[in-house]
Each structure stands twice: as C-alpha cells, then as structure tokens.
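# Architecture at a glance
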Amino acid sequence: MASNMNEVVTKARNAFNTGRTKAVEFREKQLRNFLRLYEENTPQILEALKADLHKHKQESVAMEIAFNANEIRTTLRELRKWAAPEKPSKSFSNISDDVLIYNDPYGVVLVLGAWNYPIQVTLGPVAAAIAAGNCVIIKPSELATETANVIADLIPKYLDSECYQVVLGGPKETQQLLEQKFDYIFFTGSLRVGKIVHAAANRDLTPTTLELGGKSPCILDPSADIDIATRRILWGKWINAGQTCVAPDYILCNREVGRKFISCAESILHEWYGDDPQKSLDFGRIINDTHFQRVSKLIKGAKVAVGGKTDPQERFIELTILDDVKETDLTMQEEIFGPILPILYVDDVNEAIKYINRNDKPLALYLFSKDKKVVDLVLNNTSSGGVTVNDTVMHAGVDNAPFGGVGSSGMGNYHGKYGFDTFVHKKATLVKNFNSIAEKLSSVRYPPYSESKLKL
Ligand code: NAD
C-alpha cells in the first residue's frame, strides 16, 4: 500500500511539474467543473449525507453543497485578481525598481477531511488549493463512509485525474500518506490527530493548516433577549446533532438567567420537534457506536434539566440540557461533539472571562448581550478562533472573513481570499534595472565602508 501512496503522490508531482496548474485558465476550467459536480449530483450527495449522519436536506444544502458552490462562484469572479502578482507600495529606496509579490502555488497539497461536514470541510479546501494552482491529494474521513465513496466516485469524473486524486482509508492509510513528502498539508479534525499530522509534517518542514475543535463557550448575559438567544443557541447546538466544530459547547450564565434559559428551551424544543423528537426528520444521528457511547456517557449521573433520552439502535440522543455542571465534571473535560448542552453557573461576566482564559483557546466564542460594555470587555479580554455576538455559528459563514482556530483550536485559516492565500507562497520579488543613476545611489553599500556612508 505504501508504494501505492508513493505512486499517487509521484503522479501528482509529475502533473504539477508540467506547469499546467499554473495557468489561470486551467484552474478556472477545473473550478467550473467542480461547480458542475455539485449541480449535477446534488441528489447523490444528499443521499450519502442522509445515510452517514441522517442530515436533513435543508442542512445538507445550506451547509455543505451551497456553501462550497458559493465559495467557488466567488473564487471564479475574483481569481484573476487574486492570482496576479501584487504590487505593494514602495519606499524611496526602491523608487526605480519593480516590487512584486508573486502568488506561487506550493505544489502537491494533502487535504485530510473530517466526517461531520464531510463535503464542506473536505472539498472546500480542495477548491481553494485548486484556485491557488496546486495539485491535491484528497483523503476524506472513513467514518462518513457513503460520502467518502461519493467523493471518490465523482472527483475523477469532473477534475483532472492526475492533478486531483482521492485516497480512501482511515488512520493506517493516512499514516502511509504522511510518510510521503507534500508541499502543504491541510488537516481538519481532532487535536489528538492534529498533533500526529503536525509531527509528521515537521519531518520535512511542510507548512500546515490545522482546523481543529475544542470547547466553544457561550456567555449568556442578563441583558440579552433570552427568548431569541435561546433559539439561536439551541439551533447552533443541535444542527447536525451537535456534531459541529463551532457548536456552542456549554453555557456560562448566572442562576437566574439559567432558569429562564431552561424554561424557554423546553417550549422552543417542543415547538421545533413536537412530543417525540426521535420521530423528527430534522434531527441528525450520532455518526457511529463509539461516538454514541462516548456522548451518552456524559449524561449519566448529571443533572438533566431537559431531554436525556437515548436510543442505541438508532444512535439517537435527545436534545439534553445539563443543569449546574461543575468545572470538574466529565462534560467539561473534552469537546462534547453531540447534542448535550451543560450550563456552568458563574456570578458575572468577569468570572466567565476568567473561566474561559483558564482553559484552552476555543475555536469559537459566543456572547449574548445588549450591553456594549460587556461586549467590549469580552472581545478585548479573550482569545478564540472567531466570535459571534448575539448568535451562534454564523461567523463561520461570513464571506471573506478568515475561518480558523488559535492555540489548541488550530493554526491557519481559510474561506474566500483567505483560502486562496493559504495555498500560495507569497514570493517577494525585487526587479532592479541597470540604470546608472540608480546604481550610483545604491553604490553606498559597496566597500570600502566608512563613517560618512553610515550617516546616509
Ligand atoms: P479525527 O481527528 O478523528 O479525524 C480526522 C482525519 O484524520 C480523518 O481523515 C481520519 O481518517 C484521520 N485520522 C484519524 N485517526 C488518525 C491517526 N491515528 N493517524 C492519522 N490519521 C488519522 O477527527 P474527526 O473525528 O473526523 O472530526 C472531529 C473533530 O474535528 C472535532 O474535534 C471537531 O471539532 C473537528 N472539526 C474541526 C473543524 C474546523 O473547521 N475547525 C471542522 C470539522 C471538525
């Protein structure tokens, strides 16, 4: 198998060395084909996402297919501008020179995907890498099996089969891929595997983006509109059954706000899912038995305020709010990645900030407040990959804003122009001429050195 991986990468490297991916026309053609892939195969992709995650069509279209297709449309509109050499402003010392920044593709890129949004987080970075002129090896997550198969089936039908190849498999195959030399690695997944990928990349000093997860806090300030806030928090938590990297992981609020939140949540959940949420077609399922066991365990022994029902046959976990959790509880030790929402009580926003800053830097931070002072306090005194104030998840979909983590929630970012920039090396280029006046001016650098030259 390892020699197979070598063949895959060699094929891509040979294709890159032909130079064809450097032509903007070639990239545009591939991106147009990529768009057609989404347009012509939507039913097949929806079916695979349904089989893997019980995703409702509305979530699959909005957060997987349309999300990626819109990114490609924006890229096609902007690509010529992005790809052209940049001309930074010049200082007097370079007045007669050309100063350019070339956007050089890295070469052969490895994209390793996660299973929770298996189209968005696997194929989104692929489109950005193509736009930037790279060849790409794509390794979808083996846990979203049906979607991985669809990706492996469709990519060769629409994209250049030497430049863009799909490898299927799990940890073993990923390790074998990581034994190869790449020019860039883009990984989406857990902190644990992110460290493995980063260590492997370090062997060849391969630049790497790590899109990881973590516990994203949600501060609910007393000044917030609790009914609207509750709807937005519940939506962000329970899309894809809580298996969203930017899902609000837990709530920080005072006891009175917590009581109001729980009461609002009960009626909103009934409004959304009726008497038996398990029958709702809108609600996802946990990806596999291992994750089902892991998430279910978090409920045991906890103070369940809302929900709590689980069904291993269907890997269904009801929307569950855990009241009054403590910092030392199991729920607060790891990213939940399921439909469980603990409430940790704090007296005020300062205590919330202290709690957040005692822990790893989160991928996302949410704050609900009408008080500008509270908003400024939180924004200026916390560090996170991104923030949404008075909603959840939505910052991840803002056009042309960078999406990525910081500290243990990741390094690097993408989306829009930031995605293009991730996959190019910014090559500083100075083009001088043989003009005699310019030569005279710059000859001050030549020996013999002197005190008077130092003053110039
Ligand atoms: P994971 O780390 O288990 O798997 C990610 C990839 O690594 C998969 O392709 C998998 O095949 C591979 N892999 C797994 N074990 C490996 C090993 N031992 N050696 C080498 N490769 C291995 O992550 P996951 O379970 O697919 O995804 C869940 C995590 O991803 C969560 O933490 C979530 O927050 C995070 N996530 C982050 C983003 C983001 O954009 N920041 C998006 C989605 C998910």
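Residues numbered from 1 in each chain as written. Predicted model: local features only at pLDDT ≥ 70, side-chain atom pairs only at ≥ 80, totals over all residues. Heavy atoms only, no water.

What follows deals with the UniProt feature "active site" (unreviewed entry) in the protein chain. When the UniProt feature table is mapped onto this chain, "active site" (unreviewed entry) is found at E211 and C245. These annotated residues cover 35 residues of sequence, and their C-alpha atoms all fall within 9.2 Å of one another, placing them together at a single site. If you trace the backbone, E211 turns up in strand β6 (residues 208-211). Overall, the relative accessible area of 4% leaves E211 in the buried class. Not counting residues up to four positions away in its chain, the partners in contact with E211 are F186, F187, T188, G189, F403, G404, G405, S409, G412, N413 and Y414. If you trace the backbone, C245 turns up in the loop between α9 (226-238) and β8 (248-253). Given a relative accessible area of 21%, C245 falls into the partly exposed group. (UniProt positions renumbered as here; feature names shortened; annotations may be inferred. Helix = DSSP H or I, 4+ residues; strand = E, 2+ residues; numbered from the N terminus. Buried < 20%, exposed > 50% of the residue type's maximum accessible area, 1.4 Å probe, protein only. Contact = heavy atoms within 4.5 Å.)

The subject of this paragraph is the pairing of β8. The buried count for β8 comes to six of six residues, which makes it a mostly enclosed element. Looking at chain direction, strand β7 (residues 216-220) and β8 are connected through four bridges and run parallel. Its bridge partner lying in β8, I219 is registered against L252. Read as a crossover between parallel neighbours, the route from β7 over α9 to β8 is right-handed. The sheet contact formed by β8 and strand β13 (residues 340-345) spans three bridges and is parallel. Within β13, the residue paired with L252 across the bridge is L344. (Pairing = 2+ DSSP bridges. Right-handed = clockwise from strand over helix to strand, strands pointing away.)

What follows covers helix α12 (residues 349-358). Looking only at α12, the buried set comprises V349, A352, I353, Y355 and I356. In a view along the axis of α12, the buried residues occupy a sector of 160 degrees, so they form one face of it. Structural note: α12 exposes K354 and R358 on the side pointing more than 90 degrees away from its buried face. On its buried face, α12 is in contact with β7, β8, β13, β14 (364-368) and α13 (372-381). Where α12 begins, one side-chain oxygen reaches toward the backbone nitrogen of N350, 3.2 Å away; that side chain belongs to D348. (Arc of directions from axis to C-beta. Polar contact = N/O pair within 3.5 Å; in protein donor to acceptor, adjacent residues only side chain to side chain.)

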